[in-house]
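What the coordinates show
Chain residues, written in single-letter form:
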2 protein chains.
Amino acid sequence: MNNTILMRALRGEKVERTPMWLMRQAGRVLPEYRQLKAEHGFVKMASTPELAARVTLQPIERFGWDGAILFADILTPLMPLDFGIDFAPGPVFARPLEGAADLHRVKEVPAGGLAHVEEAIRLVLQELPPECTMLGFAGAPFTMASYLLDGGGSREHARLRAAVYSGEAWFPELLERLADMTIGYLQTQIEAGCQAVQLFDTWAGLLDETTYRRYALPAVQRIFRALKGKAPLLYLIKDGAHLFDAMLASEADGLSLDWRMPFAASRAAAGDLIVQGNMDPGVLLGTAEEVRRAALAVLDANAGRPGHVFNLGHGLLPQTKIENLLVLKETVHSYGNARV
Amino acid sequence: MNNTILMRALRGEKVERTPMWLMRQAGRVLPEYRQLKAEHGFVKMASTPELAARVTLQPIERFGWDGAILFADILTPLMPLDFGIDFAPGPVFARPLEGAADLHRVKEVPAGGLAHVEEAIRLVLQELPPECTMLGFAGAPFTMASYLLDGGGSREHARLRAAVYSGEAWFPELLERLADMTIGYLQTQIEAGCQAVQLFDTWAGLLDETTYRRYALPAVQRIFRALKGKAPLLYLIKDGAHLFDAMLASEADGLSLDWRMPFAASRAAAGDLIVQGNMDPGVLLGTAEEVRRAALAVLDANAGRPGHVFNLGHGLLPQTKIENLLVLKETVHSYGNARV
């Protein structure tokens, strides 16, 4: 199972066509997902192994993507810790993190606390086609700190930014603790059968490069160093074109490019690192012709270089037209067939 | 009145200290603003000349900034057009823009439709200290299109992005019409007494550089070409570090730097253009020491080069500590005194 086309591409091998998966492929745009969600609600879906496995498999059954990504909430690893997290529908914390005195509650998840995630992965693997790769994920420490401090859906990230500029030692310590918690979480996913994992740094783009390097980057490096060699390690910063040089120092095996990072220049700078992503998910709200144009722009810019995985620059938008996903698949698949 | 320290800096002249104003200085953080807002509500404040003038002057009275920026909503020039705009509290459109058939409603504001803005500017000028500069502003066409298509507070900008990738001619035509409307609006502000104007492109950072150059940039250039020489023209893209090279082609007289654009490199690339901005407004949620450090980082990076205006990388956050604004002023003012 480590010889799927996606795993071979993630090892930098030459492959017969560009493998593809899409961030947020599980959920959101699929009628079969919406139906499950209407029946069970998001929280139950993310916490019930059978339902999480079902949602993980839905886009594979419909589109045959080369990778299946675990359906879970970014806050899943924090749920067993003592924050009293509930969704209403955004996350609310009965016992929020306020400062240094609460840091002890950010710790490794107690044994058995993630059994439902392990079980979901095992259930997916029972049904996953052998040519499809199982992917795990977690939020990066700075991004997790954002949720812990400001909850979900914050626009201004006021408590997070106050913490960054507080000049106090508790904020770097929080990031280090979140890194250690995340190492355990990703290790659990890898042991349960995830073949590659991606770290999502949704909010790191809030920081200028100097501040990113001071706080967010060391925590990311800590995770990748601990997991190096256990599975290919991918890293995404949303809206972080200004942090690209710093991403190169993240110790990831592969970088997921936001659509605002220019593909050709990023690819060249990334050297031997795996590169994925980059197509604007907004294009999938447009015409089939624009979808073809945008996909070909990425494929042409890669120019057949090994170590390339097709993906979007960020997650699928809920308003995505399903027929455009079929156009996208056809474009990427036929490109490979024609040229390699 | 064109010899204020800010106007001299905007002409690139050597000045005795770095002049400063802050985006969103009018409103939000001031108790005297909050009191007015509680009494009258935002919509009435923005549309009543006496109240708009009062709010514009409040930060000048309290802090003595070198520029006063007109208090108005970014949608103000659209209010007299036939969209049935109301605030509840975000903007809602009784007759929204749906597509090509609605374009005729985007047009120059009818005579008298902006009389309350002209009157607000005149009232400010009656009370403005002679050493303070009066600044006007407008939203850039792509950003205005975002509000017209998706309303306020959209996270995904789905209708805007669908329009960009629709491959249809009506979207560029919409931007051109918004540009022409904006030329008239800014001209009105300049004739009423604004000495410099800034165009805010809050949402252009959503676009990759190629798409920005195809759609958003030509509409911005159209505005700056029409107004060139009438007043110094400033341009801000929020979160647009990846668009900095394209901003250089905007034909603005000065660029307002987001905090994620590195100051020294941007300053060097900007050549003879005026440069302002760059300090992360998030720092003002932190300690006085961090405020001093961040302000000095910008001032040091500028290294005494003329044509520099101190400002933030984006607007003041509502959670800003007022005492930090005093620290910021003291840091910028004493820097000038010590070194020039």
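Residues numbered from 1 in each chain as written. Chains lettered and ligands numbered in written order. Predicted model: local features only at pLDDT ≥ 70, side-chain atom pairs only at ≥ 80, totals over all residues. Heavy atoms only, no water.

1. Overview of the overall build of chain A
Within chain A, the regular secondary structure consists of 13 helices and 9 strands. Taken over C-alpha atoms, the radius of gyration comes to 19 Å for chain A, in line with the 20 Å a tight globule of 340 residues would show. When burial is assessed residue by residue, chain A has 62% of its 340 residues classed as buried. Surface accessibility of chain A: about 12,300 Å² in total, with carbon and sulfur atoms responsible for 51%. Distance between charge centres in chain A, computed from 34 positive and 39 negative side chains, equals 2 Å. (Helix = DSSP H or I, 4+ residues; strand = E, 2+ residues; numbered from the N terminus. Rg over C-alpha atoms; globule rule 2.2 N^0.38 Å. Buried < 20%, exposed > 50% of the residue type's maximum accessible area, 1.4 Å probe, protein only. Areas by Shrake-Rupley, 256 points an atom, 1.4 Å probe, with all protein chains shown as cover. Lys, Arg positive; Asp, Glu negative; His and termini not counted. Charge placed at Lys NZ, Arg CZ, Asp CG, Glu CD.)

2. Comments concerning the pattern of salt bridges
Once the charged atoms of two side chains with opposite charge are near each other, the side chains can pair. All names here are of chain B. Under the criterion given, the structure shown has 44 salt bridges over all chains. The partner of Glu32 in a salt bridge is Arg62, and the shortest N-O contact between them spans 2.9 Å. In this pair, Glu32 is assigned in helix H2 (residues 31-40) and Arg62 in helix H4 (residues 49-63), connecting sequence segments 30 residues apart. Across the pair Arg260 and Asp239 runs a salt bridge, and its minimum N-O distance is 3.5 Å. Here Arg260, found in the loop between strand S7 (254-257) and helix H11 (263-269), pairs with Asp239, found in the loop between strand S6 (233-237) and helix H10 (244-247); they are 21 residues apart in sequence, far enough to count as distant. A relative accessible area of 6% places Arg260 in the buried class. (Salt bridge = Lys/Arg side-chain N within 4 Å of Asp/Glu carboxyl O.)

3. Points about the packing of helix H8 (residues 170-192) of chain B against helix H9 (residues 209-227) of chain B
Residues and elements named next belong to chain B. At a minimum axis distance of 9 Å, the contact between H8 and H9 shows a crossing angle of 25 degrees. Relative to H9, the element H8 lies roughly parallel. The chirality of how H8 crosses H9 is right-handed. Here Phe171, Pro172, Leu175, Glu176, Ala179, Asp180, Thr182, Ile183, Leu186 and Gln187 of H8 come into contact with H9, specifically with Tyr215, Ala216, Ala219, Arg222, Ile223, Ala226 and Leu227. Its residues assigned to classes, the contact of H8 with H9 shows 12 nonpolar, 2 polar and 3 charged. (Axes fitted to C-alpha atoms, helices over the stretch in contact; angles between N-to-C directions. Parallel < 35°, antiparallel > 145°, perpendicular 65-115°, else oblique. Left-handed = near helix turned anticlockwise from the far one by under 90°. Contact = heavy atoms within 4.5 Å. Nonpolar A, V, L, I, M, F, W, Y, C, P; charged D, E, K, R; others polar.)

4. Here's the deal with the relation of the copies chain B and chain A
Each copy superposes on the other: chain B lies on chain A with an RMSD of 0.0 Å after a rotation of 180 degrees and an axial shift of 0.0 Å. Overall, the copies show the geometry of a two-fold rotation axis. When you check the interface residues of chain B against chain A, 100% turn up at the interface there too, and the contact is symmetric in its surfaces. (Least-squares fit on C-alpha atoms with pLDDT ≥ 70 in both.)

5. Some details on the interface of chain B and chain A
One widely used convention gives an interface's size as the accessible area the parts lose upon coming together. If you look at the interface, chain B gives 34 residues, while chain A gives 34 residues. Surface buried jointly by chain B and chain A totals about 2,800 Å² across both partners, of which 50% is contributed by carbon and sulfur atoms. Per-residue buried area on chain B facing chain A is highest for Arg155, Arg161 and Tyr165 of chain B; these three make up 24% of the total on that side. Summed over the shared surface of chain B and chain A, the number is 4 salt bridges. We note a salt bridge from Arg161 of chain A to Asp280 of chain B, for which the minimum N-O separation is 3.1 Å. One can count 13 residue pairs in polar contact (both at pLDDT 80 or more) joining chain B with chain A. Put simply, the parts of the chain that give the side of chain B that touches chain A at least two residues each are helix H7 (158-164) and helix H12 (288-302) of chain B. (Buried area = accessible area lost by both parts, 1.4 Å probe. Polar contact = N/O pair within 3.5 Å; in protein donor to acceptor, adjacent residues only side chain to side chain.)

6. Description of unusual backbone geometry
For residues besides glycine, phi is generally negative; the peptide bonds are generally trans as well. Residues and elements named next belong to chain A. Look at the link from Ala88 to Pro89: it is a cis peptide, with omega at -10 degrees. Structurally, Pro89 can be placed in the loop between strand S2 (85-87) and strand S3 (91-93). Of note, Arg24 is a non-glycine position whose phi angle comes to about 65 degrees, a positive value. Note on placement: Arg24 falls in the loop between helix H1 (5-10) and helix H2 (31-40). By relative accessible area, Arg24 is classed as partly exposed at 46%.

7. A word on the side chain of Gln189 of chain A
All names here are of chain A. With respect to the element layout, Gln189 can be found in helix H8 (residues 170-192). A polar atom in the side chain of Gln189 sits 2.8 Å from the backbone nitrogen of Phe137. Once residues lying within four places of it in the same chain are set aside, the contact partners of Gln189 are Leu70, Val117, Ile121, Gly136, Phe137, Cys194 and Val197.

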